[in-house]
Amino acid sequence: MNSIQRYNATLNQQPIDMVPIRVGNYNVFLTQYYEITINEYIESPKLNAEAFIEMANEFQFDSLKPCQGYIFYGCGPEMGPVWEFPQDNFPASTSGIINDTDELTQLEAPGKPSGYFAKFLEVNQKAKEAIGGAVHLGISILGPYSTMTFLRGYNPILLDIIRDPVFFERMMKKGKELSLFFGRNCMALDMPWYNVLEVFLVPGMINPKHYHAQIAPYIDEVCADLASPPLKNYLAPFMGKPDDLQSQKDGRLIYDYYFGTQESIETIRNASDYMIPGFPRLISLSGNALATWETDKIIDFLQAGLDYFIDERGEYPCIFLASIQAEDEEKANTIARKLKDINKFRASYKRHINMRKSS
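Residue numbers restart at each chain and count upward from 1, following the sequence in its written direction. Note on the predicted model: pLDDT of at least 70 is required for a residue's local features to be given, and 80 or more for side-chain atom pairs to be given and counted; whole-chain, interface and lining totals, by contrast, use all residues. The basis for every side-chain value is the complete set of heavy atoms in the structure, and neither hydrogens nor water enter the calculation.

### What about the side chain of Ser323?
- For the purposes of this entry, the term helix denotes a DSSP run of H or I that reaches at least four residues, the term strand denotes a run of E that reaches at least two, and both are numbered from the N terminus. In this fold, Ser323 is placed in strand 8 (residues 317–323).
- To sort residues, take the accessible area from a 1.4 Å probe on protein chains only and compare it with the maximum for the residue type: under 20% means buried, over 50% means exposed, and anything in between is partly exposed. The class of Ser323 is buried, set by a relative accessible area of 17%.

### Here's the deal with the packing of helix 7 (residues 144–152) against helix 9 (residues 165–187)
- Where helix 7 meets helix 9, the closest approach of the two axes is 7 Å, and the angle between their N-to-C directions is 110 degrees. By the angle between their directions, the pair helix 7 and helix 9 is classed as roughly perpendicular. Only Phe167, Phe168, Met171, Met172, Lys174, Gly175, Lys176, Leu178, Ser179 and Phe182 of helix 9 make contact with helix 7, whose side of the interface consists of Pro144, Tyr145, Thr147, Met148, Leu151 and Arg152.
- The classification used treats Ala, Val, Leu, Ile, Met, Phe, Trp, Tyr, Cys and Pro as nonpolar, Asp, Glu, Lys and Arg as charged, and all other residues, Gly among them, as polar. For the contact of helix 7 with helix 9, the per-class residue count stands at 10 nonpolar, 3 polar and 3 charged. Between the N-to-C directions of two axes lies an angle of 0 to 180 degrees, each axis being a line fitted to C-alpha atoms and, for a helix, fitted only over the stretch in contact. Any angle from 65 to 115 degrees is called roughly perpendicular, while one under 35 is roughly parallel, one over 145 is roughly antiparallel, and all others are oblique. Throughout, a residue-residue contact means that at least one pair of heavy atoms, one from each residue, lies within 4.5 Å.

### So, the pairing of strand 6 (residues 193–197)
- Counted residue by residue, strand 6 has 5 buried out of 5 residues, so it is predominantly covered.
- A two-sided burial pattern is seen for strand 6, the buried positions comprising Trp193, Asn195 and Leu197 on one face and Tyr194 and Val196 on the other.
- The pairing criterion is simple: DSSP has to find at least two bridges between the two strands. As defined by bridge partners, strand 5 (residues 136–142) adjoins strand 6 across 5 bridges and the pair is classed as parallel. The partner of Gly138 across the bridge, within strand 6, is Trp193.

### Section: unusual backbone geometry
- Looking along the chain, the bond that leaves Ser228 and enters Pro229 is cis, with omega of 0 degrees.
- For Pro229, the location among the structural elements is in the loop between helix 10 (208–226) and helix 11 (245–259).
- Notably, Gln60 is not glycine yet its phi reads approximately 55 degrees, a positive angle.
- Note that Gln60 resides in the loop between helix 4 (45–59) and strand 2 (63–64).

### A closer look at the packing of aromatic side chains
- Only Phe, Tyr and Trp rings take part, Trp by its six-membered ring, and two of them pair if their centres are within 6.5 Å. Stacked means planes under 30 degrees apart, edge-to-face means over 60, and tilted covers everything else. Using the criterion set out here, one finds 35 aromatic pairs in the structure.
- Residues Phe29 and Tyr33 carry aromatic rings whose centres are separated by 5.3 Å and whose planes lie at 10 degrees to one another, so their mutual orientation is stacked. Placement of both Phe29 and Tyr33 in helix 2 (residues 27–33) is noted, with a separation of 4 residues, approximately one turn of the helix. Pair check on accessibility: Phe29 and Tyr33 agree, each one buried.
- Ring plane angle 20 degrees and centroid distance 6.2 Å describe the contact between Phe117 and Phe120, whose orientation is recorded as stacked. In this pair, Phe117 and Phe120 are both assigned in helix 6 (residues 115–131), 3 residues apart and thus about one turn of the helix distant. For the pair formed by Phe117 and Phe120, the shared burial category is buried.
- Among the aromatic residues, those joined into a cluster by ring pairs are Tyr70, Tyr73, Trp83, Phe117, Phe120, Phe150, Tyr154, Phe181, Phe182 and Phe200.

### So, helix 15 (residues 329–348)
- The end-to-end C-alpha distance of helix 15, which contains 20 residues, comes to 29 Å, matching closely the 28 Å that a straight helix rising 1.5 Å per residue would cover.
- Within helix 15, the full set of buried residues consists of Ala332, Ile335, Ala336, Lys338, Leu339, Ile342, Asn343, Phe345 and Arg346.
- Taking the backbone nitrogen of Glu330 as reference, a side-chain oxygen 3.2 Å away marks Asp328 as the first, capping residue of helix 15. Under the convention used throughout, the expected extent of a helix is 1.5 Å for every residue step, that is, one less than its residue count. Think of a polar contact as two N or O atoms within 3.5 Å of one another; within protein, one of them needs to be a possible hydrogen donor and the other a possible acceptor, and neighboring residues in sequence only count if both atoms come from side chains.

### What to know about the pattern of salt bridges
- Salt bridge, as applied in this entry: a Lys or Arg side-chain nitrogen positioned within 4 Å of an Asp or Glu carboxyl oxygen. According to the stated counting rule, one finds 18 salt bridges in the structure shown.
- Its salt-bridge partner being Lys173, residue Glu169 comes within 3.9 Å of it at the nearest N-O pair. Taken together, the residues Glu169 and Lys173, both in helix 9 and 4 residues apart, mark about one turn of the helix.
- Among the ionic pairs, Arg313 bridges to Glu315, the shortest N-O distance being 2.9 Å.
- Look at Arg313 and you get partly exposed, because its relative accessible area is 27%.
- Three or more residues are tied together by salt bridges with common partners; here these are Arg6, Asp17, Asp62 and Arg346.

Below you can see the structure in the form of structure tokens.
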């Protein structure tokens, strides 16, 4: 099996030859381990793609997205927001451009991709050409709420939800228009999978009542307008239901399960009755655990999670490394050794899978 076949088999609960590994964020690790500067990563699609391809091949990742970094997803400086470029870290957006209805009305989707968004598409195209026939590559489509958060500003838009819902609704309509522009350009690459990414939707920060009434309808419209059947809104389970405290607690549990922020078999057990749309069963390991746990503890946790899904539930899961980060070269080398040990472990676990298939 290649990575695409392996990951798709896991999604469809069909027999697999080996447990797949899916990866979330990795950009800081990539620059440290492959010794390219952050400036080279964000300015050179060629160097970005080459390092990404080398990483995917070296660590045998099955499912991941090329060109990680918020500045790339469509609201970079080319759209007007102010971005700060510290020398020792990735750039961050510090100020939007929408202050009133007139400025919102004047904002239009670009005629064609430019700036960092154009670089983003180029990196994805290069990665697809090099390894897209074997590796399950995905691409993020910036959602309508996150689009307007970049363009309005994080704190102002949170206040708008409550203080000026009419203005907020107008922004979400504009956000949908822009998100569809980003999405159609992303989907033109014909990658194996897509998701509508809302980077600013976090349980506890957005009231589920406001999410379901004022935000989710626009995400769902983007998902439906971009594909048939619609793309999955994988964020919805994190937000629970309005006026249902138990479902909101369940949503937080699913969030912790997905991102691995509460690494325990108990969390996996409690969350395993819920499905995240578009994703297989997961044994998630956070960036903090990957960085701070000893290798033996990581392997013990992964084995317990695999045993639970395969032996107790009769399901094929996926190892999800939610964040692979390292702040310097030494730590990057340590992380790299752990990643290779994880690969050795899943290779040895193949025997367990084969025993189940033959039983």
